[in-house]
Amino acid sequence: MNVRDDNKELEYNGGDSAETKQQVLEEKSLSIEETLKELEVIIEKMEDRDSSLEDTFALFEAGMKMVKTCSEKIEKVEKKIEILSEEGQSGQF
């Protein structure tokens, strides 16, 4: 199954037979915004009634991994903002 977004095509075969979508995305080191766009593509594919149960489950699994990765990135940004805010309040700029 191929997932296409903004002229990018990411091969996703699901299961253990090939690279998973998450591995492809990690290699590309997507930004938070790009990851959210890819999640939207996954949701659209999951809503496709022509998808098999196996494909839908594989997409769900990849999507959950992407959510976790995105959440971790957001937490890192939040920590950096807190540190900068604390430094700004103490006049360390």
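Counting from 1, residues in each chain are numbered in the order their sequence is written. Residues qualify for local features only when their pLDDT is at least 70, as the model is predicted, and side-chain atom pairs are given and counted only at 80 or more; totals for whole chains, interfaces and linings, by contrast, use all residues. Excluded from the side-chain calculation are hydrogens and water; included are all heavy atoms of the structure.

Describe the overall build of the protein, and please don't skip the residues or the numbers.
Starting at the N terminus, helices and strands are each numbered in turn, a helix being any DSSP run of H or I of at least four residues and a strand any DSSP run of E of at least two. What the protein contains, in helices and strands, is three helices and two strands. The helix and strand sequence of the protein, counted from the amino end, reads β-β-α-α-α. Relative to its 93 residues, the protein shows a buried fraction of 26%. A separation threshold of at least 6 residues defines the contact pool for the protein, and within that pool the share at least 24 residues apart is 52%. Here the open area of atoms and residues is found with the Shrake-Rupley method and a 1.4 Å probe, where only the protein chains shown may cover a residue. Here the protein has roughly 6,900 Å² of accessible surface; of this, 49% comes from carbon and sulfur atoms. A 1.4 Å probe rolled over the protein chains alone gives each residue an accessible area, and that area as a share of the maximum for its type sets the label: buried under 20%, exposed over 50%, partly exposed in between. Every residue pair with non-hydrogen atoms within 4.5 Å of one another is taken to be in contact.

I'd love a proper account of the environment of aspartate 48, names of residues and values included.
Tracing the backbone through its elements, the reader meets aspartate 48 in the loop between helix 2 (32-47) and helix 3 (53-89). Take aspartate 48: its relative accessible area is 34%, and that puts it in the partly exposed class. Here the side chain of aspartate 48 touches aspartate 50 through a polar contact of 3.1 Å, landing on its backbone nitrogen. N or O atoms within 3.5 Å of each other form a polar contact, as long as, within protein, one can give a hydrogen and the other can take it, and as long as residues adjacent in sequence are counted only when both atoms are side-chain atoms.

Break down the side chain of threonine 35 for me, with residues and values.
With respect to the helices and strands, threonine 35 occurs in helix 2. Taking relative accessible area as the criterion, threonine 35 reaches 7% and is therefore assigned buried. Reaching out from threonine 35, the side chain makes a polar contact with the backbone oxygen of serine 31 at a distance of 2.8 Å. When near neighbours in sequence (up to four residues on either side) are disregarded, threonine 35 contacts Leu30, Met66, Cys70 and Lys73.

So what about a negative patch on the surface? Which residues, and what values?
For patch detection, residues must exceed 30% relative accessible area and be free of salt bridges, and they are connected within 9 Å for like charges or within 5 Å for nonpolar side chains (Val, Leu, Ile, Met, Phe, Trp, Tyr). A side-chain nitrogen of Lys or Arg and a carboxyl oxygen of Asp or Glu constitute a salt bridge if their distance falls within 4 Å. For this count, His and the chain ends are skipped, Lys and Arg are scored as positive, and Asp and Glu as negative. To locate a charge, the coordinates of NZ of Lys, CZ of Arg, CG of Asp or CD of Glu are taken. Negative charge collects at one region of the surface, where Glu72, Glu75, Glu78, Glu82 and Glu86 lie side by side. When you line up the elements, glutamate 78 lands in helix 3.

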